[in-house]
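Residues per chain are reported as follows:
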Amino acid sequence: QTTMTISQKGGVYRIVNVAQPEKFYIGSTHDLDNRYRGHFQALERGKHTNSLLQYAWYCFPGMLTFEPLVICGTIEARLIEQRLLNQFRPYYNLSSVAGGTRHKKSVCILCNEPGLAVVNSGKSVVCRSCSSTWTNAPIASLIDAATLEG
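Everything quoted here is computed from the prediction, not taken from an experiment.

Novice: Looking at this structure, I do not really get the overall build of the chain. What am I missing?
Specialist: Scanning the chain for helices and strands turns up 3 helices and 6 strands. Element order for the chain, N to C, with α for helix and β for strand: β-β-α-α-β-α-β-β-β. Looking at the chain as a whole, 41% of its 150 residues qualify as buried. Long-range contacts, defined as pairs at least 24 residues apart, comprise 51% of the intrachain contacts of the chain with a sequence gap of at least 6. When the accessible surface of the chain is split by element, carbon and sulfur atoms take 51% of a total near 8300 Å².

Novice: Explain unusual backbone geometry here, please?
Specialist: Most peptide bonds adopt trans geometry, and most residues besides glycine take a negative phi value. Positive phi values are uncommon outside glycine, yet R89 reaches one of about 45°. Residue position: R89 is located in the loop between α3 (74-88) and β4 (116-119). Accessibility expressed as a relative area gives 66% for R89, which makes it exposed.

Novice: I would appreciate a short explanation of the environment of I26 in the present structure.
Specialist: With respect to the element layout, I26 can be found in strand β2 (residues 24-29). With a relative accessible area of 2%, I26 lands in the buried category. Contact partners of I26, with chain neighbours within four places excluded, come to V12, Y13, R14, L69, E81, L84, L85, P90 and N93.

Novice: Looking at this structure, I do not really get the sheet that holds β2. What am I missing?
Specialist: Hydrogen bonds between backbone atoms are what pair the strands of a sheet, whose relative direction is either parallel or antiparallel. Across the sheet, 3 strands lie side by side as β2-β1-β3; this open sheet has antiparallel pairing. The sheet is open, and its two borders are formed by β2 and β3 (64-71), each paired with just one other strand. On average, each strand axis in the sheet is tilted by 25° relative to the strand beside it, whichever way the strands run. With 7 bridges connecting them, strand β1 (residues 11-17) and β3 associate as antiparallel partners. Note that in β3 the partner of G11 across the bridge is I71. Strands in contact with helix α1 (residues 32-45) are β1, β2 and β3; relative to β3, the strand with the most contacts, it is inclined by about 160°. Against the sheet, α3 engages β1, β2 and β3, with an angle of about 165° to β2.

Novice: What's the story with the pattern of salt bridges in this structure? I'm lost.
Specialist: Side chains carrying opposite charge are able to pair once their charged atoms draw close together. Summed over the entire model, instances satisfying the criterion amount to 2 salt bridges. With a shortest N-O distance of 2.8 Å, E67 and R14 are connected by a salt bridge. Of this pair, E67 sits in strand β3 while R14 sits in strand β1, and the two are 53 residues apart along the sequence. Close ionic contact of R37 with D33 constitutes a salt bridge, the shortest N to O distance being 2.3 Å. Of this pair, R37 and D33 both sit in helix α1, 4 residues apart, which is roughly one turn of the helix.

Novice: Looking at this structure, how should I read helix α2 (residues 51-59)?
Specialist: Here α2 lies mainly inside the structure; 7 of its 9 residues are buried. Of the positions making up α2, those classed as buried are S51, L52, L53, Q54, Y55, A56 and W57. For α2, the N-terminal cap is N50; the gap from its side-chain oxygen to the backbone nitrogen of L52 is 3.0 Å.

Novice: For this particular structure, what's the right way to read the nonpolar core?
Specialist: The tendency in soluble globular proteins is for nonpolar side chains to be buried side by side. Judged by nonpolar contacts, the single largest core of 14 residues is most densely connected at I15, L53 and L64. When contributions to this core are tallied by element, the ones reaching two or more residues are β1, α1, α2 and β3. Considering each element in turn, this core owes the most residues, 4 residues, to α2. In contact with I15, other than residues within four places in its own chain, are K23, F24, Y25, H39, L53, L64, T65 and F66.

Definitions and cut-offs
Residues numbered from 1 in each chain as written. Predicted model: local features only at pLDDT ≥ 70, side-chain atom pairs only at ≥ 80, totals over all residues. Heavy atoms only, no water. Helix = DSSP H or I, 4+ residues; strand = E, 2+ residues; numbered from the N terminus. Buried < 20%, exposed > 50% of the residue type's maximum accessible area, 1.4 Å probe, protein only. Contact = heavy atoms within 4.5 Å. Areas by Shrake-Rupley, 256 points an atom, 1.4 Å probe, with all protein chains shown as cover. Pairing = 2+ DSSP bridges. Axes fitted to C-alpha atoms, helices over the stretch in contact; angles between N-to-C directions. Salt bridge = Lys/Arg side-chain N within 4 Å of Asp/Glu carboxyl O. Polar contact = N/O pair within 3.5 Å; in protein donor to acceptor, adjacent residues only side chain to side chain. Core = buried A, V, L, I, M, F, W, Y, C linked by side-chain atoms within 4.5 Å.

Right, here's the structure in full:
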């Protein structure tokens, strides 16, 4: 009989901003260890597909934590994830559907409105809704040009 470690198991997890614990992300996976590494490697490289998590990474260095919530199989994990998405409507989830799309129009982390634009030859990002600006940060590279307003 083979014993599985937690890193070989799937389940439901959340990524919490400990500086603002009411803001979190809910996800599910077939391999919690690989999903943890995937999220945090992408964040460290400034290449995460979730612009809200990436902004939080820059604004609150070292304050995002990965917390397994339930250890279970993939199908059960998706059902639990959907139940949690419906119940909590997590701030950092870009989709309201478990396993849903990773892409959504980029939104500002301060006003939660769309309208981000890369300016200054790609060195800055400005929000057209609240006029917040991030300068000389690698966040400009994470915003997909297709999601920006013209």
